[in-house]
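# Structural description and commentary
Residue-level listing of the chains:
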Amino acid sequence: MMVPFRRKKSNKQFPVKVCTFDSELEFHLEHRATGRFLFELICRTIGLRETWYFGLQFEDSKGNLSWLKMDKKVLDQSVHMTNGSCMFIFLAKFFPENVAEELVQEVTQHLFFLQIKQAILSMDVYCPPEASVLLASYAVQAKYGDYDEAVCKPGMLISENLLPQRVIDQYQMTPQMWEERIKTWYADHRGMSRDEAEMEYLKIAQDLDMFGVNYFPITNKKNTEVWLGVTALGLNIYNKENKLLPVTTFQWNEILHISFDDRKFVVKTNDSKNPKPVIFYSQKLRINKLILDLCVGNHDLYMKRRKPDTMEIQQMKAQAKEEKQRRQVERNKLTREKQLREAAEREKAAMEQRLMQLQEEMRAANEALRRSEEAAELLAEKNRLAEEEAMLLSHKAQEVEQEISRMRMTARKTEEEKMYLERKTQEAELLTARMMEESRKRALEADKLKNELIHARVAEKEAKEKLLNFLSRTSTESILITPSSSPESPMHEMHSYDLLADGDMEQLSLEIEKERVEYLAKSKQVQNQLKELRSEIEQLKIGENQCPLDDINAEQLRLGETKYSTLKKVKSGSTKARVAFFEEL
């Protein structure tokens, strides 16, 4: 009996490239691999557990952007091949209502930060100029850490892509002027870690009117072109020229059923008094499929948020809380160590300054001693010369006296000689008197020089004693100061450890409980900062470069309206009135 030949199944693989905003992943999958297999493989690779926000976007064979379906095979979804590989982009498909409360993992926050930042810079999400400067300062803090003048030199941020080109074109400001305004806020973020800076960025970005809105061109029954916005809270209807302010909105808890038939899309509300559905038309069937997919996903997340957290989410939040506390303790420890190092460096600098001062004093003392020695030597030389002159005058006086004696002996010879000799004698006596007086003055001067020499030697002795005392005092100070100047001694480390051992965890818990209150206060401060910057750059605005969205945003600011007050106002009417309003557009 012959056994029929069975062809062995092929295990050929195909390459896949997945791009995120900061990396590129490469995989080789089997032909039967599904979209879910690839998606879970990517999530495991990057350590992502909050997978429900994300999806894989690709360009199909017709050039349209689509989301990869999880239950179908990858190769069965008309994925366009680029250089022999399937190309995908890992993106956030759904957005949270409150980033601070819902985004748990740091990797999730980072991925949202990169995507929102790119959307703002590419002008897919409208951001007012003053808010874009503040967001840029948080982006710089997340990338470079604390502001340091030695590192952040003028011109360093000019090469960075930090502001939307639309904002740069709207004002008569140089890149250096923008850089200075970003640096002003960047310096205020000192002590903020990367994940904290990214979360602050997302907290501000979520208040932008276009945050988390997927726009689709649709028409109503009167063939009026409008925008449909699918958000985390529901469906918004916008005028064709205004993507910021919805003319009406329907929350997910008001929607009972969603369906489409070809290009016709039907939304049924749960208002029993108005069973009339909302009907609109899209340009293509593919758009209706995408709208339905986003509606289902956003509605599921909307209902999930209003239920108690699952065990998985509770576990992730507990782990995130413990990790946050651990990092806070480490940051506090690093901060204390940094402060101790800075104190040690300041103490070292003070000691070096003191040493330089002491060395200068020593040089001055040595110079004074040298001058004293030179003065003493000069006085000694003058005293020696005075003594020699006194001895010479004494010898001359003796010679004169001998000459007088000889003249007196010869005076007896003749009277004339006597008179002559008397005259000579008188002259000699006068000369002798003058010479004796000069000798006396020289002797007095010699005595005075001796006294000055004695005083100079006494001063020299005192200067030497002062120098010896100064040198002994300097060595004593060095012995007393040196042990405490080392920040790395064992006693120092033991003290730091004791400080960390008590009270940190309790303090961190109190800080976490107060986080919401502090955020509200900080939000008010941020609004004041934005208002101040807005008024500062208003006079530099170029009127012809303003876009319609800028005018709409300025009107909102004048009326004091925000994204949330606008949504509250447009959904305040009855469902019937809102449906009728949409149909009459």
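Now for a look at the structure at hand. (Residues numbered from 1 in each chain as written. Predicted model: local features only at pLDDT ≥ 70, side-chain atom pairs only at ≥ 80, totals over all residues. Heavy atoms only, no water.)

### A short note on empty space enclosed by the protein
What counts is decided by this rule: Using a 1 Å grid laid over the protein atoms alone, points where a 1.4 Å probe fits but cannot get out form a cavity; open sets with protein on both sides within 12 Å along at least 5 of 7 lines form a pocket; any residue with an atom within 4 Å of a point counts as lining. Grid points are joined across faces, edges and corners, and a volume is the space filled by probe spheres set on the points. Secondary structure follows DSSP: runs of H or I at least 4 residues long count as helices, runs of E at least 2 residues long count as strands, and numbering of each begins at the N terminus. Three classes are used: nonpolar for Ala, Val, Leu, Ile, Met, Phe, Trp, Tyr, Cys and Pro, charged for Asp, Glu, Lys and Arg, and polar for all others, with Gly counted as polar.
Evaluation of the coordinates by the stated rule reveals 3 cavities of 30 Å³ or more. For the lining of the largest cavity, the secondary-structure elements that each account for two or more residues are α3 (106-121) and α4 (129-144). Top element by residues in the lining of the largest cavity is α4. It accounts for 4 residues. Classifying every residue of the lining of the largest cavity by side-chain character gives 8 nonpolar, 1 polar and 1 charged. In this model, the second largest cavity occupies a volume close to 40 Å³. Elements with a contribution of two residues or more to the lining of the second largest cavity: β9 (234-239) and β13 (278-282). Split into classes, the residues belonging to the lining of the second largest cavity amount to 7 nonpolar, no polar and no charged.

### Digging into the layout of surface pockets
Computed from the structure, the second largest pocket encloses a volume of approximately 920 Å³. As for the second largest pocket, its lining consists of 33 residues, of which W67, L68, K69, K93 and D293 are closest to the centre. Elements with a minimum of two residues in the lining of the second largest pocket: α1 (35-46), β3 (54-59), β4 (65-67) and α8 (285-305). With 7 residues, the top contributor of residues to the lining of the second largest pocket is α8.

### Looking at the packing of α4 against helix α7 (residues 194-205)
Our working definition: Here the axes come from fitting lines to C-alpha atoms, over the contacting stretch only for helices, and the angles between their N-to-C directions go from 0 to 180 degrees. Roughly parallel refers to an angle under 35 degrees, roughly antiparallel to one over 145, roughly perpendicular to one between 65 and 115, and oblique to any angle outside these ranges. Left-handed describes a crossing whose near helix is turned anticlockwise from the far helix through less than a right angle; right-handed describes the clockwise counterpart. We call two residues in contact when some of their heavy atoms are within 4.5 Å.
Contact geometry of α4 with α7 gives a least axis separation of 8 Å together with a crossing angle of 160°. Classed by the angle they form, the pair α4 and α7 counts as roughly antiparallel. Judged by the twist between their axes, the crossing of α4 over α7 is left-handed. For the pair α4 and α7, contact is made by L134, L135, Y138, A139, Q141 and A142 and by R194, A197, E198, E200, Y201, I204 and A205, respectively. Classifying every residue of the contact of α4 with α7 gives 9 nonpolar, 1 polar and 3 charged.

### With respect to the pattern of salt bridges
Our working definition: Only one rule defines a salt bridge in this text: a Lys or Arg side-chain nitrogen within 4 Å of an Asp or Glu carboxyl oxygen. Per-residue accessibility, obtained with a 1.4 Å probe over protein chains only, is compared with the maximum for each type, and a residue is labelled buried under 20%, exposed over 50%, and partly exposed between these values.
For the structure shown, the criterion picks out 24 salt bridges. The partner of K143 in a salt bridge is E160, and the shortest N-O contact between them spans 3.0 Å. Highlighted residues: K143 in helix α4 and E160 in the loop between α4 and α5 (165-169), separated in sequence by 17 residues. Across the pair E381 and R384 runs a salt bridge whose closest N-O atoms are separated by 2.2 Å. Of this pair, E381 and R384 both sit in helix α9 (residues 311-410), 3 residues apart, roughly one helical turn. Overall, the relative accessible area of 37% leaves R384 in the partly exposed class. One continuous salt-bridge network, built from bridges that share partners, spans E106, R194, E198, E323, R326, R327 and E330.

### A look at the nonpolar core
Going by this rule: Working definition of a nonpolar core: buried Ala, Val, Leu, Ile, Met, Phe, Trp, Tyr and Cys residues. They are joined through side-chain atoms within 4.5 Å.
Counting 105 residues, the largest nonpolar core has L38, F88 and F90 as its most contacted members. Among the elements that take part in this core, α4 stands out by supplying 9 residues, more than any other. In this structure, F90 is in contact with V18, C19, T20, F39, I42, C43, I46, L48, F54, G55, L56 and L111, ignoring residues within four places of it in sequence.

### Points about the packing of aromatic side chains
For any pair of aromatic rings, geometry is given as the distance between the ring centres together with the angle between the planes. Note the cut-off: The pairing test for Phe, Tyr and Trp rings, Trp by its six-membered ring, is centres within 6.5 Å, and the orientation test on the planes gives stacked under 30 degrees, edge-to-face over 60, and tilted for anything in between. For a Lys NZ or an Arg CZ to count as sitting over a ring, it must be within 6 Å of the ring centre and within 35 degrees of the ring normal.
Taken as a whole and judged by the stated rule, the model has 15 aromatic pairs. Judged by centre distance (5.8 Å) and plane angle (70°), the ring pair of F58 and F88 falls under edge-to-face. One end of the pair, F58, is in strand β3; the other, F88, is in strand β6 (residues 85-92), and 30 residues separate them in sequence. Residues F58 and F88 agree in their burial class; the two are buried. Judged by centre distance (5.4 Å) and plane angle (85°), the ring pair of Y147 and Y186 falls under edge-to-face. Placement of the pair is Y147 in the loop between α4 and α5 and Y186 in helix α6 (residues 175-186), with a sequence separation of 39 residues. Here the two residues Y147 and Y186 agree in accessibility, since each one is buried. Ring pairs connect the aromatic residues F39, W52, Y53, F54, F90, F95, F112 and F211, which therefore count as one cluster. Above the plane of the ring of W227 lies K240, whose end atom (NZ or CZ) is 4.2 Å from the centre. Across from the ring centre of W52, 3.7 Å away, lies the NZ or CZ of K304, which sits over that ring.

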